[in-house]
Number of protein chains: 2
Amino acid sequence: MTEKGSLIVLSGPSGVGKDTVLKLFLERYPDCALSVSATTRAPRPGEIDGTDYFFISRQRFMELVEAGEMLEYAEYNGNCYGTPKAAVEARRTAGQHVILEIEVQGAMALKQRGEQAVFIFLMPPNWQTLRHRLEKRGTEAPEVIGNRLCIARDEIGQAPEYDYIVVNDDLDRCTDQLHAVIAAAGCRTENMSAFIQEVIEDAQAIDVSDH
Amino acid sequence: MTEKGSLIVLSGPSGVGKDTVLKLFLERYPDCALSVSATTRAPRPGEIDGTDYFFISRQRFMELVEAGEMLEYAEYNGNCYGTPKAAVEARRTAGQHVILEIEVQGAMALKQRGEQAVFIFLMPPNWQTLRHRLEKRGTEAPEVIGNRLCIARDEIGQAPEYDYIVVNDDLDRCTDQLHAVIAAAGCRTENMSAFIQEVIEDAQAIDVSDH
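Rules and cut-offs
Residues numbered from 1 in each chain as written. Chains lettered and ligands numbered in written order. Predicted model: local features only at pLDDT ≥ 70, side-chain atom pairs only at ≥ 80, totals over all residues. Heavy atoms only, no water. Helix = DSSP H or I, 4+ residues; strand = E, 2+ residues; numbered from the N terminus. Buried < 20%, exposed > 50% of the residue type's maximum accessible area, 1.4 Å probe, protein only. Contact = heavy atoms within 4.5 Å. Least-squares fit on C-alpha atoms with pLDDT ≥ 70 in both. Axes fitted to C-alpha atoms, helices over the stretch in contact; angles between N-to-C directions. Left-handed = near helix turned anticlockwise from the far one by under 90°. Nonpolar A, V, L, I, M, F, W, Y, C, P; charged D, E, K, R; others polar. Arc of directions from axis to C-beta. Pairing = 2+ DSSP bridges. Salt bridge = Lys/Arg side-chain N within 4 Å of Asp/Glu carboxyl O.

Points about the overall build of chain A
Then step 1. The number of helices and strands found in chain A is eight helices and nine strands.
Then step 2. Over its C-alpha atoms, taken along the principal directions, chain A stretches across nearly 80 × 45 × 30 Å.
Then step 3. Residue burial in chain A is summarised as follows: out of 211 residues, 45% are buried.
Then step 4. When contacts within chain A are restricted to residue pairs at least 6 apart in sequence, long-range pairs at least 24 apart make up 67% of them.

A closer look at the relation of the copies chain B and chain A
Then step 1. Mapping chain B onto chain A calls for a screw motion: a turn of 180° about the axis and a shift of 0.0 Å along it, with 0.0 Å RMSD after fitting. These values place the two chain copies in the arrangement generated by a two-fold rotation axis. Within chain B, the C-alpha atom positioned nearest to the axis of rotation is that of A180 of chain B, 2.2 Å from it.
Then step 2. Interface overlap between copies is the fraction of interface residues in one copy that are interface residues in the other; for chain B against chain A it reaches 100%, indicating a shared surface.

Some points on the packing of helix α5 (residues 127–136) of chain A against helix α6 (residues 142–156) of chain A
All names here are of chain A.
Then step 1. Running from N to C, α5 and α6 point in directions that differ by 145°, and their axes come no closer than 10 Å. Between α5 and α6 lies a crossing whose hand is right-handed. Seen from α5, the contacting residues are W127, L130, R131, L134 and E135; seen from α6, they are I145, R148, L149, A152, R153 and I156.
Then step 2. Of the residues that constitute the contact of α5 with α6, the class distribution is seven nonpolar, no polar and four charged.

So, helix α1 (residues 18–28) of chain B
All names here are of chain B.
Then step 1. Listed as buried for α1 are K18, V21, L22 and F25. What you see down the axis of α1 is that its buried residues fit within an arc of 95°, all on one side. The exposed set on the far side of α1, more than 90 degrees from its buried face, consists of D19, K23 and E27.
Then step 2. Contact partners of the buried residues in α1: β1 (7–11), β2 (32–34), β7 (97–101), β8 (118–123) and α7 (171–185).

Considering the side chain of S6 of chain A
Then step 1. Within the element layout of this structure, S6 of chain A appears in the segment before β1 (7–11).
Then step 2. Setting aside chain neighbours within four positions, we find S6 of chain A in contact with R92, Q96, H97, V98, A185 and G186 of chain A.

Let's talk about the sheet that holds strand β8 (residues 118–123) of chain A
Hydrogen bonding along the main chain pairs the strands of a sheet, whether they run parallel or antiparallel.
Residues and elements named next belong to chain A.
Then step 1. Pairing is parallel across the open sheet formed by five strands, whose spatial order is β2-β7-β1-β8-β9. Looking along the sheet, the strands with just one partner apiece sit at the ends: β2 (32–34) and β9 (164–167). Neighbouring strand axes in the sheet, compared pairwise and without regard to direction, differ in orientation by 30° on average.
Then step 2. Relative to strand β7 (residues 97–101), β1 runs parallel, the two being bridged by four bridges. Residue pairing for β7: L7 is matched across the bridge by V98.

Remarks on the pattern of salt bridges
Then step 1. Inspection of every chain in the model, using the stated rule, returns 28 salt bridges over all chains.
Then step 2. Of the charged contacts, one joins D172 of chain B and R28 of chain B as a salt bridge, the two residues approaching to 2.0 Å between their closest N and O atoms. Taken as a pair, D172 of chain B in helix α7 and R28 of chain B in helix α1 lie far apart in primary sequence, 144 residues in all.
Then step 3. You can call D172 of chain B partly exposed: its relative accessible area is 39%.
Then step 4. In this structure, D176 of chain B and R28 of chain B form a salt bridge, with 3.2 Å as the shortest nitrogen-oxygen distance. With D176 of chain B in helix α7 and R28 of chain B in helix α1, this residue pair connects regions lying 148 residues apart in the sequence.
Then step 5. Of the residues examined, D176 of chain B reaches a relative accessible area of 37% and is grouped as partly exposed.
Then step 6. Overall, the relative accessible area of 32% leaves R28 of chain B in the partly exposed class.
Then step 7. A single salt-bridge network, built from bridges that share partners, covers E3 of chain A together with D169 and R173 of chain B.

Right, here's the structure in full:
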């Protein structure tokens, strides 16, 4: 029996190292996959349809939204981005855990809608490390950096809303912990109630006084 | 920094294979240890004090109980058995996850008392497998087997009260899942609130408008 994979929602402040963690993580753990988003923007050179994104028209995008076929979606710079349910379900049915790497706001919207997912927040080991990384990134004007720090602080303020906190103090340890959290998710009692019920019913069908 | 290990409460019906799973598990994962119980019964040949049990007098046992120094305790066949808090705490402080292998009733008592622990229930892959194992065990009278099945059925009925269900379908898989659940426990948001608070306070101490 192939068990259905879990839906994993992963967020974390800008600068925490999500991309580096995910790159190593996906190499190490082929039982997990990153969800592929749909977008209305044009493919860039080298981008592959179905791997980097599903490139679709705005009309098709809106049809999927209206049919309730997008897990979540948002618009940036005039382009739409979203997560098609069907692609996520296909991977989960094949037994893979599917990771949705999304912003805090999108994650909280999914949670409030009661979406059955494991919500994981990636944290820096401390504020100083995150600040240092955000300050070093590029050569932006001080107000751009200030704005970035402000957003990161607000995002960390939402961390208590997530189910699990994984700290990116050491890349190896972080990827292993991330996998433990995902592997453990399938064992949470609320995900096992149908199985428990089945065993109890089988046990009740047997008249133990036969012995 | 050595992180404090978690307290793990493990139960499962008789015949589910707890001893076999734990033996392999403890060999594989030295970051976990089985808690050592205290008992008032006399040591049997080959039993080592502090390894198999802490062998103590009934008077000392009762002093520990009265001082609130036993996590849980029970009496069987005129002997007392209990889990001394101090030994559990010492291992946890050293960073090990300590496993308490106890009966459902004792586990539920710990839970109702609000003990901060991860409650894991070990399940058979199905009722038939468990029944078969219990029927094959020894050459007891039918009513003894019937009684055993009845107890196992009642214990499984309490499984929904646990945090996690780990299925012993395959020994390798089962030990790995057990470890994932234990490793993930430390990442649960309720165990990380002090850390999150610290990062948020550090972030607030910095006036981001400085930039």
